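# A closer look at the structure
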Amino acid sequence: MRIIRLIFVVFMAALLLSIALANRGMITLRLFPANFDRYLGGSWEVTMPVFLGLLLAVLVGMVAGLVWEWLREAPLRHESTRNAERAARLQREVGELRDTHHAPRDDVLAILDRPKTAPGAPEPAPAPGAALPPAIR
């Protein structure tokens, strides 16, 4: 994968260099229409090579697309944050319920979950609500 990335970067560099060498003529970019400068004062224009104008246009387009997507995805990010907070709250609630209600409600599960005792040791007290007799050993 690293070599493919390197080949791609070298190819793009060669392509951009060839575009720059082929478009060395000068252009003038104006921010406002003709004769509008006199109302704003100063000169709102710049002279640069054509390839620089092309690269600037691509850069401006990429930034505009980035801002557009960031604004478009804002509701999704907000919903994701709310869902993450809700999931964390539910996880805390489940943890609290496990701590407070960890005793099994089923009599069979109470017998199965009861710790084993060593031979000769007294029988442990039955689980709260257990109606079945102690298991025969």
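Note that the structure is predicted; figures quoted are calculated from it, not measured.

Across its full length, the chain carries five helices and two strands. Mapped in sequence order, the helices and strands of the chain form the string α-β-α-β-α-α-α. When the 137 residues of the chain are sorted by exposure, 5% land in the buried category. Taking as baseline every contact in the chain between residues at least 6 positions apart, the subset at least 24 positions apart corresponds to 30%. Surface summary for the chain: the accessible area is close to 12100 Å², and the carbon and sulfur share equals 68%.

Nonpolar side chains collect at one region of the surface, where Leu-29, Val-46, Leu-56, Leu-59, Val-60, Val-63, Val-67, Trp-70 and Leu-71 lie side by side and expose about 810 Å² of accessible area between them. Here the element with the most residues in the nonpolar patch is helix α3 (residues 50-72); it accounts for seven residues. Note on placement: Val-60 falls in helix α3. The class for Val-60 is exposed, based on a relative accessible area of 51%.

The rules behind these values
Residues numbered from 1 in each chain as written. Predicted model: local features only at pLDDT ≥ 70, side-chain atom pairs only at ≥ 80, totals over all residues. Heavy atoms only, no water. Helix = DSSP H or I, 4+ residues; strand = E, 2+ residues; numbered from the N terminus. Buried < 20%, exposed > 50% of the residue type's maximum accessible area, 1.4 Å probe, protein only. Contact = heavy atoms within 4.5 Å. Areas by Shrake-Rupley, 256 points an atom, 1.4 Å probe, with all protein chains shown as cover. Patch = residues over 30% accessible without salt bridge, like charges linked within 9 Å, V, L, I, M, F, W, Y side chains within 5 Å. Salt bridge = Lys/Arg side-chain N within 4 Å of Asp/Glu carboxyl O.

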